[in-house]
Amino acid sequence: MTTTHEARPDSRAAATGLAPGGLPLLGHAIPLRRRPLDFLAALPAHGDLVEVRLGPRRTYLACHPDLVQQVLRDSRTFDKGGPVFDKVRLLTGNGLATSCWADHRRQRRLMQPAFHPERMPGYATVMDQEISSMVDSWQEGQAFDVNTAMQALTARIIVRTLFSTRIEDRAVAEIQRCLPVITRGFFTRMVAPLSLMEKLPTRNNRRFDRALGRMHSVIDETISSHPAGIDHGDLLSGLLAAEDEETGERLAGHEIHDQVITLLLGATETTGNTLAWIFHLLGENPEAEEQLHREMDLVLPDRRPGFADLPHLDYTRRIVTEALRLYPPPWLLTRSTTCETELGGVRLAPGTIVLLSFYALGHDPALFSAPERFDPDRWLPERAKTIPRGAWSSFGGGSRKCIGDRFAAVEVALALAAVASGWRLRPQPGPGIRPEPKASLSTGPLPMIPERRRRGSSATSE
Ligand code: HEM
């Protein structure tokens, strides 16, 4: 990932273009709603900056990695904002992920210490316990939905790393029950054309309101029952202790609440879906799975993986990077310009919506050879040099880069290594998996069959 992206192939269109298939009044609303991934992945062929119309509104998808980086790195001009964020803020409050530039810097300074590398081994211990108890519950030959299992795992991990041992099992279960209802309803609300629809007393709306209300109460109860001043090694201790070096300011009670909701929502589906995609891809690619097993047999011949093993699991890391290229959970991001500016030679008025799609980048043949192929070794150092800088940005970039990137990388690698060292997950025959672009890019139901794997049973070590 070190070269600068230069000329496009000859077949590539000029720098700016218009997405094909727009209709008067509706613009590109229909393809965006019906087959958003195919639609987005086709757009880089139409230019480095492509106009997409949402109804009469002109928005722009940045398709060239340099333009994507320009948007990500200038978060003052390309800020979080616009109607979608206004809605999200109503639900989650003004947390780190939704706050505007003016407030974000202060929030980030206060939150960053909770994600300091020194805290990771402590979080990894909790991850390890949860991963072990999941894997130990598997019954050989008994199919289960890997997607649901991974969401449950990542929900338990974030709840227990946030609140350490100070949360009762009842509250963990309650949050775990509420989270999927909220994330599902959340997405419906993001794409709903009319806010009125959310207020109708339908069964789903009532369930959503109940789950959100319950989640707010459980979080308040948990925060208030544990006084500040003691470091329990969890994320909440980090948030309660946070003090701005410049101003001496701390996070207020309601801000801690908003950050906790932000972390619960930001950490669960993203990481759960990444794991589900990885197991799906390994099930479809036995050679890659075999190579992963060889790495396990070599590095961890007689024990479960731990935090200290992660630097030695190179192939495991390449698998994660490659899965995130093919199926980045945040498949579409938006920004709103705060002043008149220029992007890719186009003048943008204040309030223009700019779209970023890591899915479109990851599937662009101008950036990745044979982009549909699952090829973890494309991330071997020598080969990765040919990949243009900024072409892989699954954790975002600039000051809004994912604060949980290291946390997620540890969690995914530990879970993957724990499964691969003792099990293999076989795809259950049935209809193929089609990516479901919801709030996060999901596999949908993913039935797989667990089979025990004998250590040292990979091809080379036999
Ligand atoms: C594989 C898993 C994950 C992926 C792919 C991912 C991806 C991302 C991306 C792309 C952004 C930037 C969004 C934007 O620029 O609009 C982001 C932001 C964020 N993520 Fe993650 N994330 C993951 C896991 C996590 C975890 C585990 C946590 C918490 C423990 C987390 C917390 C956040 C927060 C709080 C933000 C907002 C950061 C800010 O604006 O300063 N994420 N994530």
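Residues numbered from 1 in each chain as written. Predicted model: local features only at pLDDT ≥ 70, side-chain atom pairs only at ≥ 80, totals over all residues. Heavy atoms only, no water.

**Thoughts on the state of the cysteines**
Under the definition given, this model contains 0 disulfides. Its sulfur unpaired, C339 is 14 Å from the next cysteine sulfur, which belongs to C100. (Disulfide = S-S within 2.5 Å.)

**Section: the sheet that holds strand 10 (residues 423–427)**
The sheet built from 3 strands is open, its strands ordered 5-13-10 with antiparallel pairing. Each having just a single partner strand, strand 5 (144–145) and strand 10 make up the two edges of the open sheet. Sheet topology places strand 10 next to strand 13 (residues 447–452); 5 bridges connect them, and they run antiparallel. Each bridged residue has a counterpart across the sheet, and for P427 the counterpart in strand 13 is M448. (Pairing = 2+ DSSP bridges. Helix = DSSP H or I, 4+ residues; strand = E, 2+ residues; numbered from the N terminus.)

**Observations regarding the site of the ligand**
In the vicinity of the ligand lie 31 residues, with H104, R108, R335, R400 and C402 positioned nearest. A distance of 2.6 Å separates an oxygen atom of the ligand from a polar atom in the side chain of H104. Here an oxygen atom of the ligand and a side-chain polar atom of R400 are 3.0 Å apart. Breaking the shell around the ligand down by element, the ones donating at least two residues are helix 5 (101–111), helix 12 (253–284), strand 6 (333–337) and helix 17 (405–422). Considering each element in turn, the shell around the ligand owes the most residues, 7 residues, to helix 12. (Near = heavy atom within 4 Å. Polar contact = N/O pair within 3.5 Å; in protein donor to acceptor, adjacent residues only side chain to side chain.)

**What about a positive patch on the surface?**
Together, R184, R203, R206, R207 and R210 line one region of the surface with positive charge. When residues of the positive patch are assigned to their parent elements, the largest contribution, 4 residues, is made by helix 10 (residues 203–224). Here R207 lies in helix 10. (Patch = residues over 30% accessible without salt bridge, like charges linked within 9 Å, V, L, I, M, F, W, Y side chains within 5 Å. Areas by Shrake-Rupley, 256 points an atom, 1.4 Å probe, with all protein chains shown as cover. Salt bridge = Lys/Arg side-chain N within 4 Å of Asp/Glu carboxyl O. Lys, Arg positive; Asp, Glu negative; His and termini not counted. Charge placed at Lys NZ, Arg CZ, Asp CG, Glu CD.)

**Side note on the domain arrangement of the chain**
Its domain assignment divides the chain into domain 1 (1–93 + 333–375) and domain 2 (102–330 + 394–461). Here domain 1 and domain 2 have C-alpha centroids that lie 27 Å from each other. Domain 1 puts 26 residues into the contact, and the matching count from domain 2 is 33 residues. Both faces combined, the contact of domain 1 with domain 2 buries some 2,500 Å², and carbon together with sulfur accounts for 65% of it. For the domain 1 face of the interface with domain 2, the top three residues by lost area are K87, L91 and F374, together amounting to 31%. Summed over the shared surface of domain 1 and domain 2, the number is 0 salt bridges. The interface formed by domain 1 and domain 2 includes 6 residue pairs in polar contact (both at pLDDT 80 or more). Considering every element that reaches the side of domain 1 that touches domain 2, the biggest residue donor is helix 4 (residues 83–92), with 5 residues. (Domains from an automatic or database assignment. Contact = heavy atoms within 4.5 Å. Buried area = accessible area lost by both parts, 1.4 Å probe.)

**Some words on the sheet that holds strand 3 (residues 57–62)**
Pairing is mixed across the open sheet formed by 6 strands, whose spatial order is 1-2-3-9-6-4. On the outer flanks of this sheet lie strand 1 (16–18) and strand 4 (78–79), each paired with one strand and no other. Across 6 bridges, the pairing between strand 2 (residues 49–54) and strand 3 is antiparallel. Bridge pairing links V50 to L61 in strand 3. Docked against the sheet, helix 3 (residues 65–73) engages strand 2, strand 3, strand 4, strand 6 and strand 9 (353–356), running at close to 120° with respect to strand 9. (Axes fitted to C-alpha atoms, helices over the stretch in contact; angles between N-to-C directions.)

**So, unusual backbone geometry**
For L25, which is not a glycine, the phi torsion comes out positive at approximately 70°. With respect to the helices, strands and loops of the structure, L25 is situated in the loop between strand 1 and helix 1 (29–34). Judged by relative accessible area, L25 falls into the exposed class, the value being 77%. (Buried < 20%, exposed > 50% of the residue type's maximum accessible area, 1.4 Å probe, protein only.)

**Focus: the coordination of the iron atom of the ligand**
Donation to the iron atom of the ligand from the protein comes from one atom only, C402 (SG), at 2.3 Å. Its place among the elements puts C402 in the loop between helix 16 (381–384) and helix 17. (Donors = N, O, S within 2.8 Å, 3.2 Å for Na, K, Ca; no water.)

**Describing the pattern of salt bridges**
All chains considered together, the criterion is met by 29 salt bridges. Across the salt bridge formed by R177 and E174, the nearest N and O atoms sit 3.9 Å from each other. Taken together, the residues R177 and E174, both in helix 8 (residues 169–191) and 3 residues apart, mark about one turn of the helix. In this structure R177 comes out as exposed when scored by relative accessible area, which is 53%. One salt bridge in this structure joins K385 and E382, with 2.9 Å as the shortest N-O distance. We classify K385 as partly exposed; its relative accessible area is 42%. According to the relative accessible area criterion, E382 is exposed, its value standing at 56%. Among the charged side chains, a network of salt bridges with common partners joins D103, R106, E249 and E255.

**Comments concerning empty space enclosed by the protein**
The tally for this structure, following the rule as stated, stands at 1 cavity of 30 Å³ or more. Of the volumes computed, that of the largest cavity is approximately 70 Å³. Lining the largest cavity are F279, L282, E289, L292, H293, L416, V419, A420, W423, R424 and L425. When residues of the lining of the largest cavity are traced back to their parent elements, those giving at least two are helix 12, helix 13 (286–299), helix 17 and strand 10. Among the residues making up the lining of the largest cavity, the classes are represented as 8 nonpolar, 1 polar and 2 charged. (1 Å grid on protein atoms, 1.4 Å probe; cavity = no way out; pocket = protein on both sides within 12 Å on 5 of 7 lines; lining within 4 Å. Points joined across faces, edges and corners; volume = space filled by probe spheres on them. Nonpolar A, V, L, I, M, F, W, Y, C, P; charged D, E, K, R; others polar.)

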